[in-house]
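# Structure assessment
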Amino acid sequence: MAVAARNYQQGSSVELDDIDRGLLRMLTENSRRTNNSLAEELGIAPSTCLARLNALRSAGVIRRFTLEIDPEVLGHALEALIFVKIRPGARHLMSSFAEEMRAKQGVTQLFFLGGADDFLIHVAVRDSKDVRQFVLDNLSANPAVATTQTSLVFEHSQGAVPWL
């Protein structure tokens, strides 16, 4: 079944057919592909391909097109995951903490978690000294933070998109 963009509501799921899934798979691999090359590979008319793409965007299936940058090429050879627990008395500061962390130099991703930890901060920095300084300056000195735990990333790669 094709994407039902007009009936889409926040939080509801959208049914995708093989063409929609193929289009999403190809765009996941390379979002810069031309409409004509996508249509050709899918075996559909370019106008149909464009209509499908627009429906997927309107339905909220495609949120944005992004760029993946290799942090090592830019001098950020070390990636780390920093787990953060917020003090029980500082729960009201969670939104401002998240906003502040998203704006910090080196933060590539921020996750708000359920479970033992409250946040996971993914950073890309030059070296271990930078990780240490990030934790000291932004987390240990932050009165809302109870504890942190840092894990170094040895390798980072994208997995397959299982729902396509």
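For the structure, check the block above.
Counting restarts for each chain, with residues numbered from 1 along the sequence as it is written. Only residues with pLDDT of 70 or above have their local features reported here, since the model is predicted, and side-chain atom pairs are shown and tallied only from 80 upward, although totals for entire chains, interfaces and linings are computed over all residues. Just so you know, side-chain values use all the structure's heavy atoms and leave hydrogens and water out.

## Details of the packing of aromatic side chains
- Pairing of aromatic rings covers Phe, Tyr and Trp, the last counted by its six-membered ring, and requires centre-to-centre distances within 6.5 Å; plane angles under 30 degrees mean stacked, over 60 mean edge-to-face, and any other angle means tilted. What the rule picks out here adds up to two aromatic pairs.
- Measuring from ring centre to ring centre gives 5.0 Å for Phe97 and Phe119, while their planes differ by 50°; the resulting arrangement is tilted. With Phe97 in helix 4 (residues 94–102) and Phe119 in strand 3 (residues 119–125), this residue pair connects regions lying 22 residues apart in the sequence. Summarising the burial analysis for this pair, Phe97 and Phe119 share the class buried.
- Classification of Phe119 by relative accessible area gives buried; the value is 2%.
- Members of the aromatic cluster, connected to one another through ring pairs, are Phe97, Phe112 and Phe119. Put simply, DSSP marks the helices as runs of H or I at least four residues long and the strands as runs of E at least two long, and each gets a number from the N terminus on. Only protein chains enter the accessibility calculation, which uses a 1.4 Å probe; a residue is then buried when its area is under 20% of its type maximum, exposed when over 50%, and partly exposed in between.

## As for the pairing of strand 1 (residues 78–86)
- For two strands to be treated as a pair, DSSP must find no fewer than two bridges joining them. With seven bridges joining them, strand 1 and strand 3 adopt antiparallel strand pairing. Within strand 3, the position partnered with Glu79 by the bridge is Ala124.
- As paired elements, strand 1 and strand 4 (residues 145–153) share eight bridges and run antiparallel to each other. When the bridges of strand 4 are listed, Leu81 appears paired with Ser151.

## Comments concerning the nonpolar core
- For the purposes of this section, nonpolar cores are sets of buried Ala, Val, Leu, Ile, Met, Phe, Trp, Tyr and Cys residues that join through side-chain atoms within 4.5 Å. If you look at the biggest cluster of nonpolar residues, it comprises 21 residues, and the most contacted ones within it are Val84, Ile86, Phe97, Ile121 and Leu139.
- When residues of this core are traced back to their parent elements, those giving at least two are strand 1, helix 4, strand 3 and helix 5 (128–140).
- With five residues, the single largest contributor to this core is strand 1.
- Among the nonpolar cores identified, the runner-up in size contains 12 residues, and Met26, Ala39, Leu56 and Ile62 belong to it.

## Some words on the pattern of salt bridges
- Each reported salt bridge corresponds to a side-chain nitrogen of Lys or Arg within 4 Å of a carboxyl oxygen of Asp or Glu. One pass over the structure, following the stated rule, counts five salt bridges.
- One salt bridge connects Arg126 with Asp130, and the closest N-O pair in it is separated by 2.9 Å.
- When its relative accessible area of 53% is taken as the criterion, Arg126 is described as exposed.
- Taken together, the salt bridges that share partners define one network made up of Asp17, Asp20 and Arg52.

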